[in-house]
Amino acid sequence: MRGVTRDRAISFALVAPSIILIAVFVYGFIGFTGFASLTKWDSLTPNFTFVGLHNYQRLFATVPTDRFLCDLRNTVTFTVLFLVSSIVLGLGLAILLDRHIKGEGIFRNLFLFPMAISYIVTGVLWRWILSPGSSQTGALGLNLIFEKLGLGFLKWGWFTDPTILYIHRDSGFGAFLSHIGLGGLASPYIGVSLAMISVVIAATWQMSGYTMAMYLAALRGIPTEMREAARVDGASEVQIYRRVILPMIRPVTLSALIVLGHISLKIFDLVVSMTGPGPAFATDVPAFYMWDTTFRGNNFAQGAAIAILLLFVVALLIIPYLVSSTRREVHA
Amino acid sequence: MTALASRRAIRPGTVIVYCILVIGSLLFLGPIYLQLVTGFKSFREVSLATMWRFPRTLSLASFAKAWLGSEAQGMNGLAANFMNSVYITVPATLLSAFLGSLNGYVLSKWRFRGANVVFPLLLFGMFIPYQSILIPLVQVLENIGLYGTRGGLIFVHVVYGIPITTLIFRNYYAVIPDELLEASKIDGAGILTIYANILFPLSIPGFVVVMIWQFTSIWNDFLFGLIVTSSPSLQPITVALNNLAGSYFVEWNVQMAGALIAALPTLLIYIFLSRYFMSGLLAGSVKG
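A few points on the structure.

Calculation notes
Residues numbered from 1 in each chain as written. Chains lettered and ligands numbered in written order. Predicted model: local features only at pLDDT ≥ 70, side-chain atom pairs only at ≥ 80, totals over all residues. Heavy atoms only, no water. Core = buried A, V, L, I, M, F, W, Y, C linked by side-chain atoms within 4.5 Å. Buried < 20%, exposed > 50% of the residue type's maximum accessible area, 1.4 Å probe, protein only. Helix = DSSP H or I, 4+ residues; strand = E, 2+ residues; numbered from the N terminus. Contact = heavy atoms within 4.5 Å. Buried area = accessible area lost by both parts, 1.4 Å probe. Salt bridge = Lys/Arg side-chain N within 4 Å of Asp/Glu carboxyl O. Polar contact = N/O pair within 3.5 Å; in protein donor to acceptor, adjacent residues only side chain to side chain. Phe/Tyr/Trp six-rings, centres within 6.5 Å; stacked < 30°, edge-to-face > 60°. Lys NZ or Arg CZ within 6 Å of the ring centre and 35° of its normal. Patch = residues over 30% accessible without salt bridge, like charges linked within 9 Å, V, L, I, M, F, W, Y side chains within 5 Å. Areas by Shrake-Rupley, 256 points an atom, 1.4 Å probe, with all protein chains shown as cover.

Residues B:L21, B:Y105, B:I133, B:L137 and B:Y160 are the most contacted members of the largest nonpolar core, which totals 176 residues. Sorting elements by how many residues they give to this core places helix α12 (residues 252-283) of chain B first, with 16 residues. If we skip the residues at most four places from it in the chain, B:L137 touches A:F25, A:F29, B:V156, B:Y160, B:F224 and B:V228. The next biggest cluster of nonpolar side chains, apart from the first, holds 16 residues, and it includes A:Y56, A:F68, A:Y289 and A:L309.

Following this line, the structure appears as C-alpha cells:
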C-alpha cells in the first residue's frame, strides 16, 4: 500500500514539470499578452498605463491605417480558397488512389512529400515560379510557360497584382445595396484580394497531401461489404460515393476543416517568404502585421491586441473540437 | 465470364485514373524540377528565358556558393546556419520525445484525478497562434539569459513540443494492455521500474514517430528562430534562407540551391521513413 502512494507521488513528479511549463508558457503568457494589449506600451520601454480597448478600436478603424481590415479580408480570402482547394484536391486524389491501383505507394508519397518541407522553402520556390517578370526580363515562371503554350492571355501579375474584387459603392449593385440598407457590403474590405491566390496555390501544394492522407485512411476504414451491398442493390459507382461513402467520411472533412482552418488563420512563414505585406497590403495577414508592428515597430500593445484577436478566433474553432474529441474518448 | 467482362469494362476507367495521377504527380513535382534545374545550372547558363530548360552541363557552383557564401558580395553562406539547425533540432527532438513519453505514460497508465481536465488544457497549447505568447517569451528569455542562444531555442522547442509529443505517446500507450502492467505491480515493481522494463522497450516505434515529427517541425520552424535569435551566425537555416532569398543581389540559382540544402534533411527522412511520417501526421488530427 505504501508503494502505491509512493508511485502516485512519483507520477505527479513526472508530469509536474510539463504541467507547470505549459501553465506558465502558454496560459500565463497569454494572460500577460492580454494585459499588454490594454496598455499604452508602444516603444521599447514598457509603459503599462491602462488605455482600455483603445488598441482594439484602432485596429478596426480606417485611420491612421486600415491595415487590419485589409488583413481580415485577406485571411477570409485565403482561408476559403485554401480550404476548398485542399479538400477538393485531397479528396479527389484519395478517391483515385483508393481503387487499389499499382504504384499506389509511389503516388501517395509524391503527393505528400511537400508536407516534409518548410514553408520558407515552399515560399522561395513558389515566388520564383510565380514571378511575373517585367518589361526588362520578359515573362517568367508560369507566365513564361503560358506564353510558350500560346496561352498568353492567362499571364498576370500573380502576387504583385494589387487588384481587390469588391462591389463599388457607386456601381448599380452598390447603389441597390445601400438602398436596402446593406451599403456596408459595398466596401473594399469585403472583397477578394487576387494576390492571395498565389499564396493559396503554394499552400495547397504543401498541404493537400495531408487531406489526401486523412481521406485515404478514412476510405480504407469503410468495410468493403458496404460497397458490395450497394453495388448489389444496383447503385452506380457515382451513387455509391454520393450516397454511401461521402456521408461516412464527413467527420474527416470536419477534422480537415478545423485543422487546416486554424493553420490558415495563423499563416505567417509562407507570406514572409513569398510576398510580405504586398502592394497596398494585398497579401498582408494578421500574424504578419503582429510581428511587423511588435518586433519592427516596437508597438508592443498594438501587437498584443492583434495576437489576442487571432487567439480568440483560433480558440472559437479549436475548443469545441478539443472538447468533443476528448468527451468522445471518455464515453468510448 | 461475367467477371471477366466486367473487368474488361473497367479498363478505360483505369487508364483515365492513371493519366490523372501521372499528370497530378508531374504538377506536384514541377516546383522541385524547377528547383533542381535552376540549382544545377552554371552561372553562365542562367538565363531567364530558358529557366524551365534542363541544364546543358551540371554545375555545383550554385550549391558551393549557397553553402560557403561569397565574400565579394558580402553574402553569408548557409553552412553555419545548417549546423545551428542541427545543434538545435537534435537535442530538442530527443528531450521533447523523452518528456512526451513520460507524460504519455502517466496520463494513460497512472491517470490521476483531474487528468481529464489537464489533458485538453495541455493539448490546446499546440493549436495556439504563437504570436499570443511571443512578447512575454522574449522578455522572459532575456531575463533568464537564454535570449539569442541556441539553448534558448532548444528550450522553446521543448516547451511548445510538450502537447504534441504527449498526445502521440498517450495514444500509443493507451493500446498497450493494462494487464501487462498489473502483473509486474503484483510482483512489487514501482512506477519507474515498470516504465524502464516494460513500457520503454515497447516504445521504440512510438519514439520513431514522435522524433520524426519533432525533427521535421523543429527543423522547419521559422517563427521561433526569427524571434529568439538575433545574430545571423546563430540563426537556424530557415531564417538564413529567408534572408538569403530576400536580398535582391542573390541569384536565383543560389536561392534554389540554398532551398534544396535547407529541405534536404527533412526530405531524406521523409523518403526513408515515410510510413512513420504518416502516422505522426494523422496523430496530430485524428485522436485515438
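Back to the write-up after that little detour.
In this assembly, 87 residues from chain B lie in contact with 88 residues from chain A. Summing both sides of the interface, chain B and chain A together bury roughly 8200 Å²; the carbon and sulfur share of this comes to 78%. There are zero salt bridges connecting chain B and chain A. Here chain B is connected to chain A by 19 residue pairs in polar contact (both at pLDDT 80 or more).

Okay, the packing of aromatic side chains next. Evaluated as defined, the whole model comprises 39 aromatic pairs over all chains. Residues A:F60 and A:F68 carry aromatic rings whose centres are separated by 5.5 Å and whose planes lie at 85 degrees to one another, so their mutual orientation is edge-to-face. For A:F60, a relative accessible area of 45% puts it in the partly exposed group. Seen from the ring of B:F119, B:R170 lies directly overhead, with NZ or CZ sitting 4.0 Å from the centre. Note that B:K185 overlies the ring of B:W110, its terminal NZ or CZ placed 4.4 Å from the centroid.

Taken together, the side chains of A:F173, A:F176, A:I180, A:L182, A:L185 and A:I190 present a nonpolar region at the surface, about 550 Å² in accessible area. Residue position: A:L185 is located in the loop between α7 (172-179) and β4 (191-193).

With that out of the way, let us pick up the pattern of salt bridges. Residues and elements named next belong to chain A. Applying the stated criterion across every chain, the model contains 13 salt bridges over all chains. Measuring nitrogen to oxygen at the nearest pair gives 3.2 Å for the salt bridge that ties E104 to R108. Within this pair, E104 and its partner R108 are both found in helix α4 (residues 104-112), separated by four residues, close to a single helical turn. For E104, a relative accessible area of 12% puts it in the buried group. Of the charged contacts, one joins K155 and E147 as a salt bridge, the two residues approaching to 2.6 Å between their closest N and O atoms. One connected set of salt bridges, linked through shared partners, spans D98, E104, R108, R220 and R227.

Residues and elements named next belong to chain A. Here the amide bond leading from V63 into P64 is cis, since omega sits at 0 degrees, within 30 degrees of zero. Its place among the elements puts P64 in the loop between α2 (54-59) and α3 (67-97). Even without glycine at this site, A280 takes up a positive phi of about 50 degrees. The class of A280 is exposed, set by a relative accessible area of 64%.

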